[in-house]
Amino acid sequence: MNAPSKIPLEQLKRSRIGVLMGGLSSEREVSLRTGAAVAKALREGGYTVVELDVGKDVATRLTAEKIDVAFIALHGRYGEDGSIQGLLESLFIPYTGSGVLASAVGMEKVFTKQVFVAHGLPTPPSKAYATAAQALASPPDFPLPWVVKPSREGSSVGIHICKTKDAYAPAVEDAAKYAGLILVEQFIKGREVQGAVLDDEALGVIEIVPAREFYDYQAKYGAGSGTQYLFPAPIPPEAYEKVNQVCLAAHRALGCSGASRSDVILAPDGQVYLLELNTLPGMTATSLLPKIAQGRGISFLNLCERLLEGASLKS
Ligand SMILES: Nc1ncnc2c1ncn2[C@@H]1O[C@H](COP(=O)(O)OP(=O)(O)O)[C@@H](O)[C@H]1O
Ligand SMILES: [Mg+2]
């Protein structure tokens, strides 16, 4: 994709920057923390910031507050799925991060995997089902364990690892409670890493070492979960480079802009498997993108500025 030209920082310093946060999704609390961290950093950097807790009146408020540029600090449904991006396009307000299409595809794990496969990118074997009945009638033919997940959730919500066929039916019934399709993937045993991309450049790889069976909701957000984050990931240099390259290729395959963070499993044989791509990585003080950026000498304010400079209309 042709990158649109950057907005000069001097111009941004004269602009009214709307930090869009909160929102209506189940990830509201994380978004409020992301928004607060971004707004504080930008204010300290000398920018004029308006914090907007996004509700049904967001269109009116964007206009009333005379927002010139939108910094999207939302997560999940309505914020990460192309909805708010479409609204900003319609109001001609340039915004940070990915456009409507990349956001919508990135929010849907089945569609994301179809794009990965079409681009020859490695991802675990999988099967998708529209209903629980279909999933039970024709289970996958790849070997156990299986990972059953709802296609549109995040934060490991509704995810089950089935080591036996007996565990399959309850997992499928639970995943079917959520919106979207039911995705069943082969479980890949390996080390869990994430790669970040900023402005079409691979930034680096962080390793996640959960103290629990996998990187579930508790391991992600639970106080004292014992999850460790190691940057740079202490993996062999060839593997590090491979993860960087695969994450950059995934970012490009979906047509992302700004920043993205991809989840990857590194198998003992050196093979890497993409699980998913996040188009709106968290930006709280403890989030992984700021950690990776920091490790590369990019301060939190600098990261916010890089995202703002890249704000644009993409339709
Ligand atoms: N195919 C898989 N093999 C091994 N672990 C997996 C697999 N799929 C998911 N997991 C585990 O579940 C976690 C959440 O899955 P992911 O697909 O990233 O969904 P979410 O959007 O909820 O983060 C991963 O971080 C990983 O720990
Ligand atoms: Mg994930």
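Refer to the preceding data block for the structure.
Residues numbered from 1 in each chain as written. Chains lettered and ligands numbered in written order. Predicted model: local features only at pLDDT ≥ 70, side-chain atom pairs only at ≥ 80, totals over all residues.

Trainee: Any chance you could explain the site of ligand 1 here in plain terms?
Mentor: Taken together, 18 residues sit near ligand 1, with Gly154, Glu185, Ile188, Phe214 and Tyr215 positioned nearest. Formed jointly, the shell around ligand 1 draws a minimum of three residues from each of two domains, domain 2 (106-122 + 189-302) and domain 3 (126-186). (Near = placed C-beta within 6 Å. Domains from an automatic or database assignment.)

Trainee: Is there a simple way to think about the sheet that holds strand E7 (residues 182-186) in this case?
Mentor: Strands pair in a sheet through their backbones, by hydrogen bonds, and they do so in one of two ways: parallel or antiparallel. Read across the sheet, four strands follow the order E4-E7-E5-E6 without closing on themselves; strand pairing throughout is antiparallel. Either end of the sheet is taken by a strand with one partner, and the two such strands are strand E4 (126-129) and strand E6 (160-162). Neighbour-to-neighbour, the strand axes of this sheet turn through a mean angle of 20°, independent of strand direction. In this structure, E4 lies alongside E7, joined through four bridges in antiparallel fashion. Each residue of the ladder has a partner; that of Tyr129, found in E7, is Ile182. The sheet strands contacting helix H8 (residues 168-175) are strand E5 (146-150), E6 and E7, and the helix crosses E5 at an angle near 20°. (Pairing = 2+ DSSP bridges. Helix = DSSP H or I, 4+ residues; strand = E, 2+ residues; numbered from the N terminus. Axes fitted to C-alpha atoms, helices over the stretch in contact; angles between N-to-C directions. Contact = placed C-beta atoms within 7 Å.)

Trainee: I'm lost on the pairing of strand E1 (residues 16-21) in this one. Help?
Mentor: With respect to burial, E1 is a largely interior element, five of its six residues being buried. For E1 and strand E2 (residues 48-53), the ladder comprises six bridges, and the chain directions are parallel. Each bridged residue has a counterpart across the sheet, and for Met21 the counterpart in E2 is Asp53. In this fold, the crossover linking E1 to E2 by way of helix H2 (residues 28-44) has right-handed handedness. (Buried ≥ 20, exposed ≤ 12 C-beta atoms within 10 Å, placed from the backbone. Right-handed = clockwise from strand over helix to strand, strands pointing away.)

Trainee: It is not clear to me how the environment of Lys291 should be interpreted in this structure. Could you clarify?
Mentor: Along the chain, Lys291 falls in helix H11 (residues 288-295). Classification of Lys291 as partly exposed rests on a count of 16 C-beta atoms within 10 Å. When the C-alpha atoms of Lys291 and Phe231 are compared, they prove to be 7.8 Å apart, with 60 residues separating the residues in sequence. If we skip the residues at most four places from it in the chain, Lys291 touches Ile206, Tyr229 and Phe231.

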